[in-house]
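Okay, here's what each chain looks like letter by letter:
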Amino acid sequence: MKYANRMKNLHASEIRELLKITERPDIISFAGGLPAAELFPIEEMAAVSATVLKEHGEKALQYSTTEGFQPLRKWIAERENQRIKTKLTEENLLITHGSQQALDLVGKLLINKGDVILCESPTYLSALNVFKTFEGQVLEVQTDQDGMIVSDLERLLKETPNVKLLYVIPTFQNPSGKTWSLERKKQILAVANRYDVAIVEDAPYEELRYSGEFTLPMFSFPESKNVIRTGSFSKILCPGLRLGWIAADVEVIEKLVLIKQSTDLQCNTFTQMQIVQFVQENDLDAHIARLIQAYRSRRDAAISAIKKYFPENTHYTRPEGGLFIWLELPEPLNTTALLEKSLERNVAFVSGESFYAEHPRYNTMRLNFSCMNEENIEIGFKILGELVHEELAK
Ligand code: PMP
């Protein structure tokens, strides 16, 4: 088969491969970014599915518009306007198959072969793969505890002529768990505007906050004309529904609609109607509050287990929300080698190297804390901590 050139840049993701192993019931997994399945509102979903089919069956099983089900777009617009102080209407929204498809559509919209995309170091692996699919070149911007470092971004923008896009996850970042300060968001937006570079602000975790203060996303600032925002039902409801959205200027949405039309015509009509029925019959905020309560307790268990079992000179983030803790272990420890050993002891995590666009750091790892209960977090982190001590003692 004569494959397209873009296939040269694509390799099987370590995480996808790992997820196959972690489906084994005997594995304690901190690997995937999985929400806690026991908290899915299964009975409520069963009830709303029955109602949608009974009352609107013909519509639910029929083709529908590319933009997405109008009542769902309207509901998202109103909810976002309240939460993040925007003035969206449904015209500003396109429904997508998760925020992953949102990234793919934005890639098709913006990236020519050889265009440069700047992202945080480290960043979300599957976004890197999207950018590679469109034969973009991804460069890393250094980060500190407040977000992207402004001077590093300016340096890259000065040195690099063809930067097209800045891809950022300012809240509870995947994989680092970091959250940008408000001041940093203002500064980065100002620099991007000065260089006329679009920003994709990916926000799938934003509603899962366990501590600290909410600050507005860049998309909400008056100067945000070049910001595209991606959102998702995956973490606040269930990822299997595969529904998310893009919020942007009407002109951008109109172009994205053309792209989505040729990609898949539209998202699943039935699923979109299920969500609308779900939010009419149930209190989504109360559901999210339950998730927050459970995840906060798991995050706290994870942090105390790190303190208890890992070497003192381990650096780790204390995420205010989201699903991940990022660890930097004492060098020369290599977490890919460590992973082989931990799998032998039935514990999985993701080594950090795959999250770097350019310069992998081999002593890093990402630990997900949302899908294991406190007891398994204690057992699994103890095993990992012991392995780290053993490796360092060699
Ligand atoms: N963006 C980020 C930062 C993610 O971590 C994920 C998935 N974990 C996605 C996008 C895609 O999620 P989904 O397609 O389920 O909305």
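Since this is a predicted model, take the numbers as computed values, not measurements. Just so you know, the residues in each chain are numbered from 1, in the order the chain's sequence is written. Thresholds applied to this predicted model are a pLDDT of at least 70 for local features of residues and 80 or more for the giving and counting of side-chain atom pairs; totals over whole chains, interfaces and linings are not thresholded and use all residues. Side-chain metrics in this entry use all non-hydrogen atoms of the structure; hydrogen atoms and water are not considered.

Novice: Would you take a moment to explain the sheet that holds strand β9 (residues 227-232) for this structure?
Specialist: Backbone hydrogen bonds hold the strands of a sheet together, and the pairing may be parallel or antiparallel. Overall, mixed pairing links the seven strands, which are arranged β2-β10-β9-β8-β7-β3-β4 in an open sheet. For this open sheet the edge positions go to β2 (93-96) and β4 (137-141), each flanked by a neighbour on one side alone. In this sheet, neighbouring strand axes are inclined to one another by 20° on average, regardless of whether the strands run parallel or antiparallel. Here, a strand pair is defined by DSSP locating no fewer than two bridges between the strands. To qualify as a helix, a DSSP run of H or I must reach at least 4 residues; to qualify as a strand, a run of E must reach at least 2; elements of each kind are numbered from the N terminus. Note that strand β7 (residues 163-168) and strand β8 (residues 198-202) share four bridges and pair parallel. Note that in β8 the partner of V168 across the bridge is E201. Its contacts with the sheet place helix α3 (residues 70-84) against β2, β9 and β10 (244-247), and it is angled at close to 115° to β2. Between the N-to-C directions of two axes lies an angle of 0 to 180 degrees, each axis being a line fitted to C-alpha atoms and, for a helix, fitted only over the stretch in contact. Contacts are assigned to residue pairs that have any heavy atoms within 4.5 Å of one another.

Novice: Is there a simple way to explain the pattern of salt bridges in this structure?
Specialist: Pairs may arise between side chains of opposite charge once their charged atoms sit close together. Any Lys or Arg side-chain nitrogen found within 4 Å of a carboxyl oxygen on Asp or Glu counts as a salt bridge. Using the criterion set out here, one finds 27 salt bridges in the structure. Where D115 meets K164, a salt bridge forms, and the shortest distance between an N and an O atom there is 2.8 Å. Of this pair, D115 sits in the loop between α4 (98-110) and β3 (116-120) while K164 sits in strand β7, and the two are 49 residues apart along the sequence. Throughout, exposure labels follow a simple rule: accessible area from a 1.4 Å probe, protein chains only, divided by the maximum for the residue type, with under 20% read as buried, over 50% as exposed, and the rest as partly exposed. The class for D115 is buried, based on a relative accessible area of 10%. Look at K164 and you get partly exposed, because its relative accessible area is 28%. The shortest N-O distance in the salt bridge between K394 and E391 comes to 3.0 Å. Residue classification places K394 among the exposed positions, given a relative accessible area of 72%. Residue E391 is classed as partly exposed on the basis of its relative accessible area of 22%.

Novice: How do you make sense of the nonpolar core when you look at a structure like this?
Specialist: A general trend in soluble globular proteins is that nonpolar side chains are found buried together. If you look at the biggest cluster of nonpolar residues, it comprises 101 residues, and the most contacted ones within it are L118 and L166. If you tally residues by element for this core, the top one is helix α10 (residues 284-309), at twelve residues. Residue assignment places this core across two domains, with domain 1 (5-41 + 285-392) and domain 2 (44-281) each supplying three or more. Residue contacts for L118: discarding those within four places in its chain leaves L139, V141, M148, L153, L156, L157, V163, L165, L166 and Y167. Counting 27 residues, the second largest nonpolar core, distinct from the first, contains A127, Y167, I228 and I253. In these notes, a set of buried Ala, Val, Leu, Ile, Met, Phe, Trp, Tyr and Cys residues joined through side-chain atoms within 4.5 Å is what counts as a nonpolar core. An automatic or database domain assignment provides the domain bounds reported here.

Novice: Where do I start with a nonpolar patch on the surface in this structure?
Specialist: Exposure above 30% relative accessible area and the absence of a salt bridge qualify a residue for a patch, where like charges join within 9 Å and nonpolar side chains (Val, Leu, Ile, Met, Phe, Trp, Tyr) within 5 Å. Residue-level accessible areas treat just the shown protein chains as cover; the underlying method is Shrake-Rupley with a 1.4 Å probe. A surface patch of nonpolar side chains, amounting to about 450 Å² of accessible area, comprises M1, Y3 and M7. Here Y3 is to be found in the segment before α1 (14-22). On the basis of relative accessibility, which here comes to 62%, the residue Y3 falls in the exposed class.

Novice: Explain the packing of α10 against helix α12 (residues 374-393) to me, please; I cannot follow it from the model alone.
Specialist: A pair of packed helices is captured by two measures, namely the crossing angle of their axes and the spacing between those axes. Remark: α10 packs on α12, axes separated minimally by 9 Å, with the N-to-C direction vectors making an angle of 25°. Here α10 is positioned roughly parallel relative to α12, judged by the angle of their axes. Where α10 crosses over α12, the handedness of that crossing is right-handed. Together, A294, S297, R298, A301, A302, A305, I306, K308 and Y309 of α10 and E374, I377, E378, F381, K382, G385, E386 and H389 of α12 make up the contact between the two elements. Note on residue classes: Ala, Val, Leu, Ile, Met, Phe, Trp, Tyr, Cys and Pro are nonpolar, Asp, Glu, Lys and Arg are charged, and everything else, Gly too, is polar. The residue inventory of the contact of α10 with α12, partitioned by class, reads eight nonpolar, three polar and six charged. An angle below 35 degrees is read as roughly parallel, one above 145 as roughly antiparallel, one from 65 to 115 as roughly perpendicular, and any other as oblique. Crossings are classed by handedness, with left-handed meaning an anticlockwise turn of the near helix from the far one by less than a right angle and right-handed meaning a clockwise turn.

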